[in-house]
Amino acid sequence: MRESTLRDSPREPAPTTLAPTDGRNVVTLTEHILEIISDSGEGAQKCGQSFGSIAAQMGNGIWTTEIIPAEIRPPARSVAGASGNRIRIGAGPVTNGGDETDLVVAFNEQVLLGRVRAKELKPGCTILLENMWRTDGDPTVVASYVETHDRLVAAGFRVIEIPMEQECRKLVSDPRRGKNMFALGMLCRLYSLDLKLAVDQVVLAFGKKDRKVVDANISLLEAGHRWAAAHLDFCYRIPAVRATEPQIVVNGNTAIALGVLASGMEICAMYPITPATSVSHYLSDVFEKVGGVVHQAEDEIAACAFAIGASYAGKCTVTVTSGPGYSLKQEALGLAVMGEIPLVVVNVQRGGPSTGQPTKVEQGDLLTTLFGSHGDAPKVVIAPATIEDCFYSMITARRIAETFNMVVVVLSDASLATSQQPFPRPKFSEAWMAPPVDQSPVPKGAQPYDWDENTGLARRFIPGQPGGMHTLTGLAHDRDSHVAYDANTNEQALRARSLKLAALQRTLAAPTVFGDAAGDLLVIGWGSTKGAIEEAVASLRAQGRRVSSMHLRFLQPLPSGIKEILRGFQQVLTVENNWSDRPEDPIIDETNRRYAALAMLLRARYLVDIDCFTEDRGQPIKPSTIRRVLEAKLNSIDRRPATPDPVPASPTRTGRATQEGRKS
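Residues numbered from 1 in each chain as written. Predicted model: local features only at pLDDT ≥ 70, side-chain atom pairs only at ≥ 80, totals over all residues. Heavy atoms only, no water.

Caption draft 1: Structural context of the side chain of Asn85. Within the element layout of this structure, Asn85 appears in strand β4 (residues 83-90). Here the side chain of Asn85 touches Thr65 through a polar contact of 3.5 Å, landing on its backbone nitrogen. Once you skip the residues sitting within four places of it in the chain, Asn85 turns out to touch Leu34, Glu35, Ile36, Ala44, Gln45, Gly48, Gln49, Thr64, Thr65, Glu66 and Ile67. (Helix = DSSP H or I, 4+ residues; strand = E, 2+ residues; numbered from the N terminus. Polar contact = N/O pair within 3.5 Å; in protein donor to acceptor, adjacent residues only side chain to side chain. Contact = heavy atoms within 4.5 Å.)

Below, the structure is given as structure tokens:
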């Protein structure tokens, strides 16, 4: 639902003045999407994060998405400089950022233009626009503001001019450093959020600063709340249900950092890179308190080498990066594979190739993660699908890395990294922690690479263990770690390292199917697309369409039972946030089409004609977009000649895998 009162634009529009609300104009909604955008440094991201936290504390479902400029210091009042936050707030659980925006608070008209051009705003969207630019001393600025305002009104948007600068100057000398709290107060009033919770959130956000700073921000918050009550004639209420168990509200990067702590890992080695850096920021604040170390190396290669050395010495270490950094780590990761050194790698994917789009989301690193490095270098790849998954995936990754002496890659992305969502506060389990390092004497005759013939597993030798002295090498080697180039020894080692993936695969149950186990269309996704896919599928199922979905968390090895699930459906389609060729392009046909990464992987593995839909626009795929694509696909299936009923999936192959479960 949306508020969409449209007005004609006068030739020379005057600021909008609205009658005070009398308490009767409260509209009850099931959900709403709002944005707050400003120049970089004006605090719109902090405002949005705080709003999301307040709503979550009241019991609303929320999903926040950061709007981040690509440049570190973009020019003020520029389309490319838009910085802010997008919040979807609902009466029930919210699993993704949703569709177009219903209401926007904009600190200037230029940052708003980019959102309009990207078609991120619903028709009739309410825009609360800072009006200080109408009387600016620069005639060019005034002309730009008036022209943009008029065009927005003519396009059907409901534009309400807000004197934020003027109101904030009554309380602070520099509104740029407080306008975000005035906006937060307005939003709390407009969405009927508890002002006391908002005050508590301000105290939490600014608690480390001087008390005068905290008091000033509270005053601005309350002023925004009063102004909205007195001047805006609409108000929303989104019913909320308080959670019955404690919740936390964090973004995916913070959840990953918390997972590092909960898993018992002790060292994080990294080099700063967007959008992964905030993992180390959080760990830098808290890691030392539990005996951990954050090591910032001089570059990505050094960070990976440091992590490998620390893991070889007996620690289980994590190194955190994004796409370009992952590419630089490839040779060192090959060393960890060859040496069978446990290592956890977090790759927070972003737009590529090369420097690409540092602040935009993309799922473009799957194939390089699976098959990167020269030679055969098997690695385990886990892709969390939710903010909660980001936490538990780190625990699972450490356990696998140390059990199998392997490299485990946690493949997150920019959408998960910066989005916030509430989930139940994890209840700590001793089973999450690493066991004590075994420093007992190595049994006589034991070999550093005494590979099991069935699983490829071998005991982990720790430097300093009596009787365990050996030379670690990245060269081809035998069971005693002696360099060996002969064909049989090399093939024996390749076999053992590959068998580890097969051994892990045997422990994984089939992924859960969302919907029926048989039907017309199965939609497969991975990573952060889960919520949007399932929302689209659920809406179509409510209309009686025979569509289901399946989300993969383990991408290497792929779990058992997938082929049986595929047999239950007439057609299969992957939905991914990466590139695939468009079939409608005149030059594209079945002989030259490039498929999406997961579609390519599944087609090769299961020899099934799997189609794909991809969108690579630097933003999460919207549920409405997925729904439209699935509807067209289902309609094409309906027009096909009748075919025999599909083979139903084996009932023993459904259910969540032990390793894939939340509380691994």
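Caption draft 2: Looking closely at the domain arrangement of the chain. For the chain, the domain assignment lists domain 1 (10-243), domain 2 (250-422), domain 3 (437-507) and domain 4 (513-663). Placing a centre on the C-alpha atoms of domain 1 and another on those of domain 3 gives a separation of 59 Å. (Domains from an automatic or database assignment.)

Caption draft 3: Examining helix α19 (residues 623-638) more closely. Between its first and last C-alpha atoms α19 spans 22 Å; for 16 residues at 1.5 Å apiece the expected length is 22 Å, and the two agree. Every buried residue of α19 is accounted for by Pro623, Thr625, Ile626, Val629, Leu630, Lys633, Leu634 and Ile637. Relative to the axis of α19, the buried residues are bounded by an arc of 165° and lie together on one face. (Expected span 1.5 Å × (residues − 1). Buried < 20%, exposed > 50% of the residue type's maximum accessible area, 1.4 Å probe, protein only. Arc of directions from axis to C-beta.)

Caption draft 4: Expanded view of helix α18 (residues 597-606). Among the residues of α18, those classed as buried are Ala597, Leu598, Ala599, Leu601, Leu602 and Tyr606. Just past α18, the residue Leu607 takes up positive phi, approximately 55°.

Caption draft 5: Structural detail: the packing of aromatic side chains. Taken as a whole and judged by the stated rule, the model has eight aromatic pairs. For the ring pair Phe428 and Trp432, a centre distance of 5.7 Å and an interplane angle of 90° mean the geometry is edge-to-face. Here a set of aromatic residues connected by ring pairs shows up, and it is made of Phe51, Tyr191, Phe234 and Tyr236. Of note, Arg77 hangs over the ring of Trp133, and the distance from its end group to the ring centre comes to 4.6 Å. Across the ring face of Phe107, the terminal group of Lys179 is positioned such that the distance to the ring centre comes to 5.5 Å. (Phe/Tyr/Trp six-rings, centres within 6.5 Å; stacked < 30°, edge-to-face > 60°. Lys NZ or Arg CZ within 6 Å of the ring centre and 35° of its normal.)

Caption draft 6: Structural view of the pairing of strand β10 (residues 267-270). Residues Ile267 and Ala269 of β10 are buried on one face, and the alternating residues Cys268 and Met270, pointing to the opposite face, are buried as well. Here β10 runs beside strand β11 (residues 293-296); their pairing, made up of four bridges, is parallel. If you follow Ala269 over to β11, its bridge partner there is His295. Taking the sense of rotation as the criterion, the β-α-β connection linking β10, helix α9 (residues 277-286) and β11 turns out right-handed. When β10 meets strand β12 (residues 317-321), the two strands line up parallel, connected through four bridges. In the sheet register, Cys268 faces β12, and the bridge partner there is Val318. (Pairing = 2+ DSSP bridges. Right-handed = clockwise from strand over helix to strand, strands pointing away.)

Caption draft 7: Local environment of the side chain of Thr319. The topology assignment puts Thr319 in strand β12. A distance of 2.8 Å separates a polar side-chain atom of Thr319 from the backbone oxygen of Ala269.

Caption draft 8: Representation of the sheet that holds β10 in the model. Strand order in the open sheet formed by seven strands is β11-β10-β12-β13-β15-β14-β20, and the pairing between neighbours is mixed. Taken across any chain shown, the strands that pair with only one partner, and hence form the sheet edges, are β11 and β20 (554-556). Each strand axis lies, on average, 20° off the axis of its neighbour in the sheet, ignoring direction. Here β12 runs beside strand β13 (residues 343-349); their pairing, made up of four bridges, is parallel. What sits directly across from Thr319, in β13, is Val345. (Axes fitted to C-alpha atoms, helices over the stretch in contact; angles between N-to-C directions.)

Caption draft 9: Region of interest: the sheet that holds strand β19 (residues 547-552). Taken in spatial order, the five strands make up an open sheet running β17-β19-β18-β21-β22, and their pairing is mixed. The sheet is open, and its two borders are formed by β17 (513-514) and β22 (610-614), each paired with just one other strand. Judged from the six bridges that link them, strand β18 (residues 519-526) and β19 form a sheet pairing that is parallel. Residue pairing in the sheet places Ile524 in a bridge with Met550 of β19. Contacts between helix α16 (residues 530-541) and the sheet are confined to β17, β18, β19 and β21 (569-576), with β19 contributing the most and set at about 165° to the helix. α18 contacts β18, β19, β21 and β22 of the sheet and is inclined by roughly 140° relative to β21.

Caption draft 10: Seen up close, a nonpolar patch on the surface. On the surface, Leu475, Val483 and Tyr485 cluster together into a nonpolar patch covering about 320 Å² of accessible area. As for its position among the elements, Val483 is in the loop between β16 (420-424) and α15 (487-505). Residue Val483 is classed as partly exposed on the basis of its relative accessible area, which comes to 44%. (Patch = residues over 30% accessible without salt bridge, like charges linked within 9 Å, V, L, I, M, F, W, Y side chains within 5 Å. Areas by Shrake-Rupley, 256 points an atom, 1.4 Å probe, with all protein chains shown as cover. Salt bridge = Lys/Arg side-chain N within 4 Å of Asp/Glu carboxyl O.)

Caption draft 11: Spotlight on the packing of helix α10 (residues 300-312) against helix α11 (residues 323-339). Two elements in contact, α10 and α11, have axes whose closest approach is 8 Å; the angle formed by their N-to-C orientations is 30°. Relative to α11, α10 is oriented roughly parallel. Here α10 and α11 pass one another in a crossing that is right-handed. Along its contact with α10, which presents Glu300, Ile301, Ala303, Cys304 and Ile308, the element α11 presents Gly325, Leu328, Lys329, Ala332, Leu333 and Ala336. Split into classes, the residues belonging to the contact of α10 with α11 amount to eight nonpolar, one polar and two charged. (Parallel < 35°, antiparallel > 145°, perpendicular 65-115°, else oblique. Left-handed = near helix turned anticlockwise from the far one by under 90°. Nonpolar A, V, L, I, M, F, W, Y, C, P; charged D, E, K, R; others polar.)

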